[in-house]
Amino acid sequence: MGKSRSLPESTSKADLKFEKKRQFYTKVKDTVAALSAQKAIGKKKKLRSRQKKLKVYDLSTLSDFLPDLKTPLQPTPPTDELKPNCKSMKKLILKEGKQLSTVLNHPAFQLDPLAAIHQHLQSTQPVIDEKPKKKKNKNGGRKKKAKKFKASDGPQFMVM
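Here the structure is a predicted model, which is why all the values come from computation and not from measurement.

## Re the overall build of the protein chain
Within the protein chain, the secondary structure is distributed over six helices and zero strands. For the protein chain, the α and β elements follow one another from N to C terminus as α-α-α-α-α-α. Taken over 160 residues, the protein chain has a buried fraction of 1%. On the protein chain, roughly 18200 Å² of surface is accessible, and the fraction owed to carbon and sulfur atoms is 61%.

Below, the structure is given as structure tokens:
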């Protein structure tokens, strides 16, 4: 009923299990090696096909029709100033702390803090003179209120 064994009968069950596990692990190892080789080959093929699909277009005729770009008026700030790091944060905290203590010690702020802040904002913020425009209807007139009919009035008939 069972499988015929190619191993001699003198080996124990533990030896048979060990041999079976060893064969299984060698098969797994071979499969993994084959798959990794196929994966490496597949990647190379994809790169080659992408390179073949890549075409170079001549855009010199297009540049003739486009207007010339002027150099930007404002130079771009260096990227070091934009990135906050520990040193720049300490500098900023010291600067803002000094500014805060100056504001708190100002006599106008000590007398009336809200009035001092309001006066400061009026002097520093630009004044906007534009008033928001009212939206008009499509016909240019006012909106007319729709009359609501009550359902409790009963049926209404049209007289001709």
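What follows continues from the structure just given.
## A few points about the pattern of salt bridges
One pass over the structure, following the stated rule, counts one salt bridge. A salt bridge links Glu19 to Arg22; the nearest nitrogen and oxygen atoms lie 2.4 Å apart. Taken together, the residues Glu19 and Arg22, both in helix H1 (residues 13–53) and three residues apart, mark about one turn of the helix.

Conventions we followed
By convention here, each chain's residues receive numbers from 1 onward along its written sequence. Reporting in this predicted model follows two pLDDT cut-offs: at least 70 for local features of residues, and 80 or more for side-chain atom pairs to be given and counted; totals over whole chains, interfaces and linings ignore these cut-offs and use all residues. The basis for every side-chain value is the complete set of non-hydrogen atoms in the structure, without hydrogens or water. Only runs of H or I of at least four residues qualify as helices and only runs of E of at least two qualify as strands under DSSP, and these elements are numbered from the N terminus. In this scheme, a residue with accessible area under 20% of its type's maximum is buried, one over 50% is exposed, and one in between is partly exposed, where area comes from a 1.4 Å probe on protein chains only. Here the accessible surface of atoms and residues is derived via Shrake-Rupley with a 1.4 Å probe, and residues count as covered only by protein chains that are part of the display. Should a side-chain nitrogen of Lys or Arg be within 4 Å of a carboxyl oxygen of Asp or Glu, the pair is scored as a salt bridge.

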